[in-house]
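# Residue-level structural notes
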Amino acid sequence: MAGLLCLAMLASVSGCGTSNTVEKPEQKENPDSQETVSVQQQIDSCLEDMTLEEKVAQLFIIQPEAILDVGTAVAAGDATREAINQNPVGGFIYFGDNLQSKEQTQEMLKNVQTYSMERTGFPAFLSVDEEGGTVARVAGTGNFDIPKIGDMADIGAAGDVDAAKQVGEDIGSYLAELGFNLDFAPVADVLSNPENTVVRDRSFGNDPEMVSDMAIAVSDGLEEKGILSTYKHFPGHGATSADTHKGYAYTDKTLEELEACELIPFQRCIADGAKIIMAAHISAPNVTGDDTPTSLSKTMVTDILREKMGYTGLVVTDAMNMGAITEEYTSAEAAVKALQAGVDIVLMPENYQQAYQGVLDAVADGTLTEERINESVTRILTVKLDMQ
């Protein structure tokens, strides 16, 4: 467990311990400051000591059931500790069936975080889809005494940015109280296709500037409560009519057309300091020249999002167990292609062990380099150092 020793050393320097929180390093305006250099040196030292297996595990956010021999995980004890010791993954995502009560959820997440900190020295991403409205894994259970939040479409129609900020604060408050630290929200999709049903009620509307204002406000509210936000679904699911949960979905827009509408919220959130953007499984054949999903497309993720739009933060895939991926790719193929595209975190592969081994095999045969793995792990550890 070379990574355990390395990350424990880094945790000590950064104020980490076996608690659920990591002290946020002091930020300096000068990017060349001693503090910035020191953090990078710490991460570089850590990467040198981590095994390849530990690095690759950090690239995945999975459901707990992916490494536990249970139908539905509702607690975290010795079996979870051992599973995390064997699979020190970057994080976990939880759904309604995992969340039975306030006390049960708090205890489960506290234990998972403790085990992850013991194993790696860094917090795990403890994540959930909690947008409000129809996509609310916590609120939707009816098991929690929390504010009822309506559809984002209604908030967008009202044009009230303060209300959007309040949504972020309300959701952030109860997620933080339960022990989560990452929310896959807000939706930054512009509803440019009136036939779209996937994000119709989840989108703030068809005006890209208004959607930008609303999404940034929700993100600000979440992050003020200590919850990392995720802008989704790049390059914009509102331009499609099909559902990537079920299979192939695409937009026929050109890059210039996307830049005039769907990409505006993502460009705005990048300027606002976005830490995480989710890449959708939608295809953009008039941009890429083929049917490759955005989440697996180097053109979309590296050439456009990173290089053209200037994004330097984390890119996470949409759930990789969705039909748009599973109907065309094995778990191993999809994970490798996502990393080749420039993605940092693979979310919910259909088969985690196959995806994990597929990445290791790709490094062994030269399809991926360890330097490429290091790029993503560096981004992941940078965010984890900055978590409160």
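This text follows the structure it describes.
Residues numbered from 1 in each chain as written. Predicted model: local features only at pLDDT ≥ 70, side-chain atom pairs only at ≥ 80, totals over all residues. Heavy atoms only, no water.

## Remarks on the overall build of the protein chain
Here is the rule: Only runs of H or I of at least four residues qualify as helices and only runs of E of at least two qualify as strands under DSSP, and these elements are numbered from the N terminus. Only protein chains enter the accessibility calculation, which uses a 1.4 Å probe; a residue whose area is less than 20% of its type maximum is buried, one above 50% is exposed, and one in between is partly exposed. The contact definition used throughout considers only heavy atoms, calling two residues in contact when any of these lie within 4.5 Å. Areas reported here follow the Shrake-Rupley algorithm with a probe of radius 1.4 Å; residue values treat only the protein chains shown as occluding.
Of the regular secondary structure elements, the protein chain holds 16 helices and 10 strands. A buried classification covers 58% of the 388 residues belonging to the protein chain. In the protein chain, the proportion of contacts linking residues at least 24 apart, taken out of those at least 6 apart, comes to 78%. Accessible area for the protein chain stands at about 15300 Å²; split by element, carbon and sulfur atoms hold 44% of it.

## Remarks on helix α16 (residues 370–385)
The following threshold applies: Expected helix span is computed as 1.5 Å times (number of residues minus one).
Taking 1.5 Å per residue as the helical rise, α16 with its 16 residues ought to reach 22 Å, and the 22 Å between its terminal C-alpha atoms agrees with that figure. All buried positions along α16 are accounted for by Arg 372, Ile 373, Asn 374, Ser 376, Val 377, Thr 378, Ile 380, Leu 381, Val 383, Lys 384 and Leu 385.

## Thoughts on the packing of aromatic side chains
Inclusion rule: Pairing of aromatic side chains requires ring centres within 6.5 Å, counting the rings of Phe and Tyr and the six-membered ring of Trp. Pairs whose planes differ by under 30 degrees are stacked, by over 60 edge-to-face, and all others tilted. Placement of a charge over a ring requires the Lys NZ or Arg CZ to be within 6 Å of the ring centre, with the centre-to-atom vector within 35 degrees of the ring normal.
As enumerated under the stated definition, the model contains four aromatic pairs in all. Measuring from ring centre to ring centre gives 6.1 Å for Tyr 94 and Phe 180, while their planes differ by 70 degrees; the resulting arrangement is edge-to-face. Taken together, the residues span a long stretch of sequence, with Tyr 94 in strand β2 (residues 91–94) and Phe 180 in the loop between α7 (161–178) and β6 (182–183) at a distance of 86 residues. By relative accessible area, Tyr 94 is classed as buried at 1%. Here Phe 234 and Phe 266 contribute two aromatic rings whose centre-to-centre distance is 5.6 Å and whose plane-to-plane angle is 90 degrees, an arrangement assigned as edge-to-face. Remark: Phe 266 occurs in helix α10 (residues 264–271) and Phe 234 occurs in strand β7 (residues 231–234); sequence separation between them is 32 residues. For Phe 234, a relative accessible area of 0% puts it in the buried group. Taken together, Phe 60, Tyr 352 and Tyr 356 form an aromatic cluster joined through their ring pairs. A cation over a ring is seen here: Lys 384 above Phe 125, with NZ or CZ 4.8 Å from the ring centre.

## Digging into the pattern of salt bridges
Using the following cut-off: Every case where a carboxyl oxygen of Asp or Glu lies within 4 Å of a side-chain nitrogen of Lys or Arg is listed as a salt bridge.
In this structure the tally under the stated criterion is 19 salt bridges. Residue Asp 129 pairs with Arg 137 through a salt bridge whose shortest N-O separation is 3.8 Å. Taking the shortest distance from any N to any O, the salt bridge between Glu 131 and Arg 202 comes out at 2.7 Å. On the criterion of sequence distance, the pair formed by Glu 131 in strand β4 (residues 130–132) and Arg 202 in the loop between β6 and α8 (208–224) is long-range, its members being 71 residues apart. Comparing Glu 131 with Arg 202 shows no difference in burial state: the two are buried. Three or more residues joined by partner-sharing salt bridges are found here, namely Asp 129, Glu 131, Arg 137, Arg 202 and Lys 232.

## A word on the packing of helix α4 (residues 78–86) against helix α5 (residues 102–120)
So the rule is basically this: Between the N-to-C directions of two axes lies an angle of 0 to 180 degrees, each axis being a line fitted to C-alpha atoms and, for a helix, fitted only over the stretch in contact. Note on convention: the crossing is left-handed when the near helix lies turned anticlockwise from the far helix by less than a right angle, right-handed when the turn is clockwise.
Between α4 and α5, the shortest axis-to-axis distance is 9 Å and the interhelical angle comes to 35 degrees. Where α4 crosses over α5, the two elements pack in a sense that is right-handed. Each of Thr 80, Arg 81, Ile 84 and Asn 85 in α4 lies in contact with α5, whose residues at this interface are Val 112, Tyr 115, Ser 116, Glu 118 and Arg 119.

## Some words on the sheet that holds strand β9 (residues 314–317)
Where we set the bar: Strand pairing is assigned whenever DSSP detects at least two bridges linking the two strands.
Spatially, β7-β8-β9 is the arrangement adopted by the three strands of the open sheet, whose pairing is parallel. Here the strands that pair on one side only, and so sit at the sheet edges, are β7 and β9. Looking at each pair of strands side by side, their axes are set apart by 30 degrees on average, direction ignored. Pairing analysis gives two bridges linking β7 to strand β8 (residues 276–279), with the strands arranged parallel. Bridge pairing in β8 links Tyr 231 to Ile 277.

## Here's the deal with the environment of Val 383
Looking at the secondary structure, you find Val 383 in helix α16. By relative accessible area, which is 11% here, Val 383 ends up buried. Residue contacts for Val 383: discarding those within four places in its chain leaves Phe 125, Leu 228 and Leu 314.

## As for the pairing of β9
Going residue by residue along β9, you find Leu 314 and Val 316 tucked away on one face and Val 315 and Thr 317 tucked away on the opposite face as well. The pairing of β8 with β9 spans four bridges and is classified as parallel. Residue pairing across strands places Ala 279 opposite Thr 317, the latter belonging to β9.

## Considerations on the environment of Leu 368
Mapped onto the elements, Leu 368 comes out in the loop between α15 (352–364) and α16. Residue classification places Leu 368 among the buried positions, given a relative accessible area of 3%. Aside from chain neighbours lying at most four places away, what touches Leu 368 is Val 336, Leu 339, Gln 340, Val 359, Ala 362, Val 363 and Ile 373.

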